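Architecture and fold: a report
Residues per chain are reported as follows:
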2 protein chains.
Amino acid sequence: MTAYKSYPKFFVSVDCIIFGFKDGCLKVLIHQRPYEPGMGEQSLIGGFVQKNESVDSSAKRILREFTGLDNVYMQQLAAYGEVERDPGERVISVVYYALINVDNYDTQLADIHNAKWVDVDDLPTLCFDHNDMVQKARHMIGEIIKNEPIGCNLLPRYFTLSLLQTLYESILGTSIDKRNFRRAISEKDYIQATGMIDKESSRRGATLYRFKK
Amino acid sequence: MTAYKSYPKFFVSVDCIIFGFKDGCLKVLIHQRPYEPGMGEQSLIGGFVQKNESVDSSAKRILREFTGLDNVYMQQLAAYGEVERDPGERVISVVYYALINVDNYDTQLADIHNAKWVDVDDLPTLCFDHNDMVQKARHMIGEIIKNEPIGCNLLPRYFTLSLLQTLYESILGTSIDKRNFRRAISEKDYIQATGMIDKESSRRGATLYRFKK
DNA sequence: TAAAAAAGTGTCGAAACCACACTTTATGTT
DNA sequence: AACATAAAGTGTGGTTTCGACACTTTTTTA
């Protein structure tokens, strides 16, 4: 028998910061909270951990419920545990961030939940401590993208170097010199040119690249 | 009224990875679990979150109970939420790492709890997922010390450059060239020479340094 | 007084990083 | 048809950072 009986129990929620890259901007998927407290306020995508699922699985489930996506790049950010962070009842939240390709998610599911993309640099006031969470996650992916090719999760299968650069710029919040960027990227070995040319986004046409597996 | 009633609640624990620097090695404070499940097994310092404290406060309280220390460098590592991670009952654990000066903690308190220092490179098998937690925390402080002067939390007030280098080596698990190390450190501006000379640790005597505030 | 032990100190080459400007190519407009 | 526009694509040189590398100094102990 365990000796835990006398300890209190808590609601444990999961909040997901779902990043997407759209119109040259880093976006976050938010929706209106459908229940109290904070009903009608803008909120991250979230839900409660269930009895028979791990916290990680819970995050995956919630992501799937809102986007239809599985097998997504998703990492834990932190646990938020202030006593009064949720004004209704005490809830401890474990926060995840996910990077998704905005061409793939299920827009019908998103509509059902009133989910919409907002620019990460122009975030509305979100409920509770959700703005803090987004800032922290944004900083985190900025650190990670300097070393790891996580951009593959945000971009379409084929992309131009200009688009890739725009992605880096919008994540890092800086502008990057085009030649330096291209040199740095070509020294890594995770992207490769396909023979294809994209004629949509420029008059001249640009080589399409893809991430290697 | 909130709509949370139907959701399950969980025990939430805090585990603390308390790092210290002793005998030229990075150490972790562990003790024998005094209750089931896993009674008698080696365990990180931990406890349960209480009703009226935040998770952060809970970590501080637990650290204080085992070491007598307050105002310690302490950061959240992650939440661990596998369903079966604790074989007794479902417990979600939020893990913190702390860096303490081993000269300052309350050894009587530590004795009461059967706490002892073990070398982080020669860790016994700990209960549950505690070994994973330590590995992750160790990696984390390795990353952080490259950029931030967190060594100040582990060292005595005055220290020699050799001791500082040994600290870096034991955290990073590498050996570092003495001249390169001294150059790198002197380019930062967070330590300064005191006029004092330490005659204990070497025949010749070495300049004592301290961290600036 | 000789041996031992740790402190302390500088240089050079390689690699990474940053700033910087013009040509090419296709399209759309006049 | 030619001209304007818009984005693609491409190289160099200076600066800074990083890593490798060895000997002298100082004091204690045998």
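Higher on the page you've got the structure.
Definitions and limits used
Residues numbered from 1 in each chain as written. Chains lettered and ligands numbered in written order. Predicted model: local features only at pLDDT ≥ 70, side-chain atom pairs only at ≥ 80, totals over all residues. Heavy atoms only, no water. Helix = DSSP H or I, 4+ residues; strand = E, 2+ residues; numbered from the N terminus. Buried < 20%, exposed > 50% of the residue type's maximum accessible area, 1.4 Å probe, protein only. Contact = heavy atoms within 4.5 Å. Lys, Arg positive; Asp, Glu negative; His and termini not counted. Charge placed at Lys NZ, Arg CZ, Asp CG, Glu CD. Least-squares fit on C-alpha atoms with pLDDT ≥ 70 in both. Near = heavy atom within 4 Å. Polar contact = N/O pair within 3.5 Å; in protein donor to acceptor, adjacent residues only side chain to side chain. Nonpolar A, V, L, I, M, F, W, Y, C, P; charged D, E, K, R; others polar. Salt bridge = Lys/Arg side-chain N within 4 Å of Asp/Glu carboxyl O. Phe/Tyr/Trp six-rings, centres within 6.5 Å; stacked < 30°, edge-to-face > 60°. Pairing = 2+ DSSP bridges. Buried area = accessible area lost by both parts, 1.4 Å probe. Axes fitted to C-alpha atoms, helices over the stretch in contact; angles between N-to-C directions. Parallel < 35°, antiparallel > 145°, perpendicular 65-115°, else oblique.

Helix and strand content of chain A: 5 helices and 9 strands. Counting from the amino terminus, chain A carries its helices and strands in the arrangement β-β-β-α-β-β-α-β-α-β-α-α-β-β. Across its three principal directions, the C-alpha atoms of chain A cover 65 × 40 × 30 Å. Taken over 213 residues, chain A has a buried fraction of 51%. The contacts in chain A between residues at least 6 apart in sequence include a share of 63% that link residues at least 24 apart. When the 27 basic and 28 acidic side-chain charges of chain A are each reduced to a single mean position, those positions are 8 Å apart.

Here the focus is the relation of the copies chain B and chain A. For the pair chain B and chain A, the best superposition has an RMSD of 0.0 Å and corresponds to a rotation of 180 degrees with a translation of 0.0 Å parallel to the axis. Here the transformation between the copies is reduced to the relation of a two-fold axis.

This paragraph deals with the protein's contact with DNA strand C. Around DNA strand C sit 18 residues in total, of which Arg183 and Arg204 of chain A together with Ser162, Lys178 and Arg204 of chain B are the nearest. Between DNA strand C and Asn180 of chain A there is a distance of 3.0 Å, counted from a base nitrogen to a side-chain nitrogen or oxygen. Here a phosphate oxygen of DNA strand C and a side-chain polar atom of Arg182 of chain B are 3.3 Å apart. Among the elements that take part in the surface near DNA strand C, helix H5 (residues 178-187) of chain B stands out by supplying 4 residues, more than any other. Its residues placed into classes, the surface near DNA strand C shows 1 nonpolar, 5 polar and 12 charged.

The next subject is the pattern of salt bridges. Residues and elements named next belong to chain A. Going through the model one piece at a time under the given rule, you end up with 16 salt bridges over all chains. Across the pair Asp70 and Arg64 runs a salt bridge whose closest N-O atoms are separated by 3.1 Å. Accessibility expressed as a relative area gives 35% for Arg64, which makes it partly exposed. Members of the salt-bridge network, linked through shared partners, are Asp15, Arg85 and Asp129.

Residue and element names in this part refer to chain A. Enumeration over the complete set of coordinates arrives at 16 aromatic pairs over all chains. Here Tyr190 and Phe211 contribute two aromatic rings whose centre-to-centre distance is 6.3 Å and whose plane-to-plane angle is 20 degrees, an arrangement assigned as stacked. Here Tyr190, found in the loop between helix H5 (178-187) and strand S8 (191-198), pairs with Phe211, found in strand S9 (residues 206-211); they are 21 residues apart in sequence, far enough to count as distant. In this structure Phe211 comes out as buried when scored by relative accessible area, which is 16%.

The subject of this paragraph is the pairing of strand S1 (residues 9-22) of chain A. Two faces make up the sheet, and in a regular strand the side chains alternate between them. The buried fraction of S1 of chain A is high, at 12 of 14 residues. Bridging between S1 of chain A and strand S1 (residues 9-22) of chain B involves 3 bridges; their strand directions are antiparallel. Bridge pairing in S1 of chain B links Phe10 of chain A to Phe10 of chain B. The pairing of S1 of chain A with strand S5 (residues 91-99) of chain A spans 9 bridges and is parallel. When the bridges of S5 of chain A are listed, Val14 of chain A appears paired with Val94 of chain A. One ladder, built from 4 bridges, connects S1 of chain A with strand S3 (residues 42-48) of chain A; its direction is antiparallel. Within the sheet, the bridge partner assigned to Val14 of chain A lies in S3 of chain A and is Gly47 of chain A.

Turning next to the sheet that holds strand S8 (residues 191-198) of chain B. Residues and elements named next belong to chain B. Within the open sheet, the 3 strands sit side by side as S7-S9-S8. Their pairing is antiparallel. Looking at which strands have only one partner, the edges of the open sheet turn out to be strand S7 (159-160) and S8. Note that S7 and strand S9 (residues 206-211) share 2 bridges and pair antiparallel. The residue of S9 that forms the bridge with Phe159 is Tyr209.

The partner chain A presents 37 residues to the 37 residues of chain B that form the contact. Between chain B and chain A, the buried area comes to about 3,300 Å², and carbon and sulfur atoms account for 63% of it. If you sort the residues of chain B by the area they bury against chain A, Tyr4, Lys9 and Phe11 of chain B come out on top, with a joint share of 21%. Connecting chain B to chain A are 2 salt bridges. Residue Glu89 of chain B pairs with Lys5 of chain A through a salt bridge whose shortest N-O separation is 3.5 Å. Applying the counting criterion to the chain B and chain A interface returns 17 residue pairs in polar contact (both at pLDDT 80 or more). Contributing elements (two or more residues each) for the side of chain B that touches chain A: S1, helix H1 (55-67), strand S4 (73-80) and strand S5 (91-99) of chain B. Of all the elements, S1 of chain B adds the most residues to the side of chain B that touches chain A, at 4 residues.

A few words on the sheet that holds S8 of chain A. Taken together, the 3 strands give an open sheet; going across it, the order is S7-S9-S8 (chain A), and neighbouring strands pair in antiparallel fashion. Of all the strands in the sheet, just strand S7 (159-160) and S8 of chain A have a single pairing partner and so form its edges.

Next up on the list: the packing of helix H3 (residues 130-145) of chain B against helix H4 (residues 161-172) of chain B. Residue and element names in this part refer to chain B. Across the interface, H3 lies against H4 with an axial gap of 9 Å and an inter-helix angle of 135 degrees. In terms of their interaxial angle, H3 and H4 are classed as oblique. The segment H3 lies against H4, with Arg138, Ile141, Gly142 and Ile145 engaging Tyr168, Ser170, Ile171 and Leu172.

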